[in-house]
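Residues per chain are reported as follows:
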Amino acid sequence: MKPSSNLHALVADTTAAVSLPMRFVVASILLMATMVLLATATSGFLAHMKMSDLESQISRMDATASILYAGGPGSNLTVELDIPSGCTVVMGSIAGYEAAWPRDAKNYFMEYDGKCTLRESRAAYSNEFMDGVSVFGSGTHRVFMETTVNPSDGMLFVRVYELK
């Protein structure tokens, strides 16, 4: 066989050139699907980390409030809270039943993206005016906690409110 006929056979074979664009399309689709899955997983992980950090902070605050509550009226303490963006904390209620205060005063919940995490406490919570729940939105808060007896029913509460 002559060397020129082998070269002519290589130039005339275009099957690889025809299938190359299709391979690029398939590789691009696979790459985009991988990127979507990675973005979804990262977003879920970040949301989980936000809630985990918030739960840790509020759990420490609740433990402190429970100690104050056990000490009786007249105890007080100031704590710093850093609530992540998009999160809300409600002290003294079950989600959706904030108007039922003080019945659910020994509960609190954290909300993020429509998901609520409900916790029970040893302490009964109230706002500054002893007439409802305490609500904290995202941001940094300097929170004052003080134990007080409600004169109308004689129940001990931890008043929780932000210092201005």
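Residues numbered from 1 in each chain as written. Predicted model: local features only at pLDDT ≥ 70, side-chain atom pairs only at ≥ 80, totals over all residues. Heavy atoms only, no water.

Visitor: So what's going on with unusual backbone geometry? Residues and values would help.
Guide: In the segment running from Trp101 into Pro102, the intervening peptide bond is cis, with an omega of 10 degrees. Within the secondary structure layout, Pro102 lies in the loop between strand S2 (87–91) and strand S3 (107–112). Despite not being glycine, Asp113 shows a phi value in the positive range, around 55 degrees. Following the sequence through the fold, Asp113 ends up in the loop between S3 and strand S4 (115–120). Exposure remark for Asp113: the relative accessible area of 61% places this residue in the exposed category. Of note in the backbone geometry, Met130 takes a positive phi value of approximately 60 degrees without being a glycine. Its place among the elements puts Met130 in the loop between strand S5 (125–126) and strand S6 (134–136). On the basis of relative accessible area, Met130 is assigned to the buried category, the value being 14%. (Helix = DSSP H or I, 4+ residues; strand = E, 2+ residues; numbered from the N terminus. Buried < 20%, exposed > 50% of the residue type's maximum accessible area, 1.4 Å probe, protein only.)

Visitor: I'd like to hear about the side chain of Ser134, residue by residue, with values.
Guide: On the secondary structure map, Ser134 appears in strand S6. The buried category is assigned to Ser134, whose relative accessible area is 3%. Among the polar contacts listed, one links the side chain of Ser134 to the backbone oxygen of Ser126, at a separation of 3.1 Å. When near neighbours in sequence (up to four residues on either side) are disregarded, Ser134 contacts Val89, Val90, Met91, Ser126, Asn127 and Val160. (Polar contact = N/O pair within 3.5 Å; in protein donor to acceptor, adjacent residues only side chain to side chain. Contact = heavy atoms within 4.5 Å.)

Visitor: So, the pairing of S4: which residues are in play, and what are the values?
Guide: With 6 bridges connecting them, S3 and S4 associate as antiparallel partners. By the bridge assignment, Met110 is partnered in S4 with Thr117. (Pairing = 2+ DSSP bridges.)

Visitor: Describe the packing of aromatic side chains, and please don't skip the residues or the numbers.
Guide: Aromatic rings considered in pairs are described by the distance between their centres and by the relative angle of their planes. Summed over all chains, the structure comprises 3 aromatic pairs. Taking 5.2 Å as the distance between ring centres and 35 degrees as the angle between the ring planes, the aromatic pair formed by Trp101 and Phe157 counts as tilted. You can see Trp101 sitting in the loop between S2 and S3 and its partner Phe157 sitting in strand S8 (residues 156–162), a full 56 residues away along the chain. The same class applies to Trp101 and to Phe157, which are both buried. Here Tyr108 and Tyr125 contribute two aromatic rings whose centre-to-centre distance is 6.3 Å and whose plane-to-plane angle is 85 degrees, an arrangement assigned as edge-to-face. Here Tyr125 lies in strand S5 and Tyr108 lies in strand S3, a separation of 17 residues in the sequence. Owing to a relative accessible area of 4%, Tyr108 belongs among the buried residues under this scheme. The exposure class assigned to Tyr125 is buried, which follows from its relative accessible area of 0%. (Phe/Tyr/Trp six-rings, centres within 6.5 Å; stacked < 30°, edge-to-face > 60°.)

Visitor: Can you break down the pattern of salt bridges residue by residue, with the values?
Guide: A side chain with one charge can pair with a side chain of the opposite charge if their charged atoms come near. Summed over all chains, the structure comprises 3 salt bridges. Salt-bridge contacts for Arg119 lead to Glu55; the nearest nitrogen and oxygen are separated by 3.3 Å. Here Arg119, found in strand S4, pairs with Glu55, found in helix H2 (residues 15–70); they are 64 residues apart in sequence, far enough to count as distant. A salt bridge links Arg103 to Asp104; the nearest nitrogen and oxygen atoms lie 3.4 Å apart. (Salt bridge = Lys/Arg side-chain N within 4 Å of Asp/Glu carboxyl O.)

Visitor: Could you give an account of the environment of Asn107, naming the residues involved and the relevant values?
Guide: When you line up the elements, Asn107 lands in strand S3. For the pair Asn107 and Arg119, spaced 12 residues apart in sequence, the C-alpha to C-alpha distance is 5.8 Å. Ignoring any residue separated from it by four or fewer positions in sequence, one finds Asn107 in contact with Met91, Gly92, Ser93, Ile94, Leu118, Arg119, Glu120 and Tyr125.

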